[in-house]
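# A closer look at the structure
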Amino acid sequence: MIELKDLSAGYGGQDVVHDISLAFTPGRVLALLGPNGCGKSTLLRTALGLNPKSGGQVLMDGVPLESLSPRERALKAAYLSQSRSTPNITAYKMVLHGRFPHLSYPRRYRKEDYEAADRALRWADAADVARRSMAELSGGQRQKVYLAMALAQEAPTLLMDEPTTFLDVGHQLEVMAAARRLAREGRAVVMVLHDLPLAMRGADDVALLSAGRLTAYGTVEDVYSSGKIDKVFGVALRRVETESGWQYYYG
Amino acid sequence: MKSWRTSSTRRSNGLRLAALCVLMLLSALLSMCLGAVAVAPGDILPALLGEGGGAAAQIVRYARLPRTCGCLLAGAALAVSGALIQSVLDNPLAAPNIIGVSSGAGLAAALCGALAPSAALALPIASFAGALAGVLLVLFIAEKTGASKLTLVLAGVAVSGMFGAGTDTVVTFVPDALAGYSDFRIGGLANLSMSRIIPAFWVIVVAMVLIFSLAGELDVLMLGADTAQSLGVRAKPLRLVLLILAAALAGAAVSFSGLIGFVGLIVPHIMRRLLGEDSLPLLAGCALGGAVCLTLCDLLGRLLFAPYELPVGIVLSLAGGPFFIWLLIRQRGGRVHD
């Protein structure tokens, strides 16, 4: 489990996020919400050690982040970056890259690495594109391959920065369903999302950021009833109960 | 359950690499046989083994052998260096002669020739140091200015110009600093001897072994710094190590072949199309393809106006210039990877 304690971080001496305390709990999907530029991505990157912190602490299974090597961190948390490059390699090779932290120099893939990649591809429903080049896949297919790559890493925590951006509605729902399935299997899933109804319906917990501060944090129910989402985004988020649970919409 | 391990691309890549291997052997054989004096293929092996003392055997042993070895070695080193630089900087326009690596090596070679003309081993080491200074300077400038793909190339042009002027200055004061200065500037492999190649050979072998052992890291680095780091790679130090190795290759090649351009640009591009961007086959393909390309161009330069010779650098620039322009035009569309 990853815990953030009073975490502050930013770029070039200027803090973007201030005093954030959060826990990425196994078995739950946490949606990180907030307006553009409020520090969601910075928070994720800092939690992984990709960006230096200026105060507070990040604990991975109780161990301070600083005392872990990049490889040890990679075994604890997988990350889907917002900027994803698409090199001209096969999707299968891409997924194999997820096994990287499990190997030591010089890197030779072992039988279990191929098996983990096969499993991840099937899990992410991307087995049919395994042989094809990343460059020729559609956005939705690519996203599945990236997800498979993160899964092949077999880390207990998965952080995803805007995994649904640029995807059509069908693929957005698929990503959300995959996140839920992963949580049910016992992983901690954290997603930066912009689609509020999608997030509220799919997540267990919500962390609402505004101007770099944690404005609300709790279960979807708690955060919704606090009314802070409406205030932060300047919208009126409403919901109706349907046969398949609450559905959220903008009033 | 199906497995995707032995994918069709991998098998066809194996075939393509095998074909490149054959092509390399063929071009080496041609380079040994053809020239101002033609030698029959059957006479090559006896000549190399020291049998037969005729003029043909002498030519094979003391002119063709070092020249062919030089071509293969310099071609392989420059192409792998180019591929590495392009991948690490994520910039298809980068190549050793474009971003200041070759000209840095050239300046260092000139200085070395002026200050310590008799130290054979000092030359490749000085070239390596110069190449390294070039790549680090360009990298530093590009990072300061925002590291866009174009700034990097422009910084390279500026640095290359300065280093070139430095080389000219050295040669003006010490005309003997670079044996055959115009050959050096253009890049040529005539008049090589094995003793000039051997120190560079060892540098290239060591650098190649290290580079190939880091192919997995390079693959991950190409996914972007953030992703690489989240997979447990220390992106910044790795980048530096790979660039140092690329500089070692280019510096070693420049130390005996002069400022040969375009191999490090053209070959990686062709290989990317042919083999994809998986680092291991790509780098292997670049080594083979670079060797083939330089050997054939050198052969062409030898045969076109025989008995007069065109330095290989001119042949390459005639072919490579248009290729680079085509690349620039295509680049405008914003496509970086094919």
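Residues numbered from 1 in each chain as written. Chains lettered and ligands numbered in written order. Predicted model: local features only at pLDDT ≥ 70, side-chain atom pairs only at ≥ 80, totals over all residues.

### Brief notes about the overall build of chain A
- Check the secondary structure of chain A and you find 9 helices and 12 strands.
- Taken over the C-alpha trace, chain A has a radius of gyration of 18 Å; the compact-globule value for 251 residues is 18 Å, and the two agree within 12%.
- Across the 251 residues that make up chain A, the buried fraction comes to 45%.
- In chain A, the share of contacts with a sequence separation of at least 24, taken over all contacts with a separation of at least 6, comes to 66%. (Helix = DSSP H or I, 4+ residues; strand = E, 2+ residues; numbered from the N terminus. Rg over C-alpha atoms; globule rule 2.2 N^0.38 Å. Buried ≥ 20, exposed ≤ 12 C-beta atoms within 10 Å, placed from the backbone. Contact = placed C-beta atoms within 7 Å.)

### Section: the overall build of chain B
- Each helix and strand in chain B was counted, giving 14 helices and 0 strands.
- Within chain B, buried positions represent 51% of all 338 residues.
- Considering only contacts in chain B between residues 6 or more positions apart, those separated by 24 or more positions represent 76%.

### Things to note about the sheet that holds strand E9 (residues 205–210) of chain A
Residues and elements named next belong to chain A.
- Overall, mixed pairing links the 6 strands, which are arranged E6-E7-E8-E3-E9-E10 in an open sheet. For this open sheet the edge positions go to strand E6 (77–80) and strand E10 (213–219), each flanked by a neighbour on one side alone. Sheet twist, expressed as the mean angle between neighbouring strand axes with direction ignored, is 15 degrees. (Pairing = 2+ DSSP bridges. Axes fitted to C-alpha atoms, helices over the stretch in contact; angles between N-to-C directions.)

### Structural notes on the nonpolar core
- Grouped together as the largest cluster of nonpolar side chains are 109 residues, with contacts concentrated most on Ala77, Val80, Leu249 and Ala250 of chain B.
- When residues of this core are assigned to their parent elements, the largest contribution, 17 residues, is made by helix H3 (residues 55–89) of chain B.
- Non-local contacts of alanine 250 of chain B, meaning those with residues more than four positions away in its chain, are made with Ala77, Leu78, Ser81, Pro96, Val101, Ser102, Ala105 and Ala131 of chain B.
- Grouped together as the second largest cluster of nonpolar side chains are 77 residues, Val17, Val29, Leu30 and Ala120 of chain A included. (Core = buried A, V, L, I, M, F, W, Y, C linked by C-beta atoms within 7 Å.)

### With respect to helix H5 (residues 139–152) of chain A
Residues and elements named next belong to chain A.
- Its 14 residues place the ends of H5 20 Å apart at the C-alpha level, agreeing with the 20 Å of an ideal helix rising 1.5 Å per residue.
- By the criterion of burial, H5 is predominantly enclosed, with 11 of the 14 residues buried.
- Among all positions of H5, only Arg142, Gln143, Lys144, Val145, Tyr146, Leu147, Ala148, Met149, Ala150, Leu151 and Ala152 are buried.
- Within two residues after H5, glutamate 154 carries a phi angle of roughly 50 degrees, on the positive side. (Expected span 1.5 Å × (residues − 1).)

### Focus on the sheet that holds strand E5 (residues 63–64) of chain A
Residues and elements named next belong to chain A.
- One open sheet holds the 4 strands; their spatial order is E2-E1-E4-E5, and the pairing between them is antiparallel. Each having just a single partner strand, strand E2 (14–24) and E5 make up the two edges of the open sheet.
- Across 7 bridges, strand E1 (residues 2–11) lies against E2 in antiparallel orientation. When the bridges of E2 are listed, alanine 9 appears paired with valine 17.

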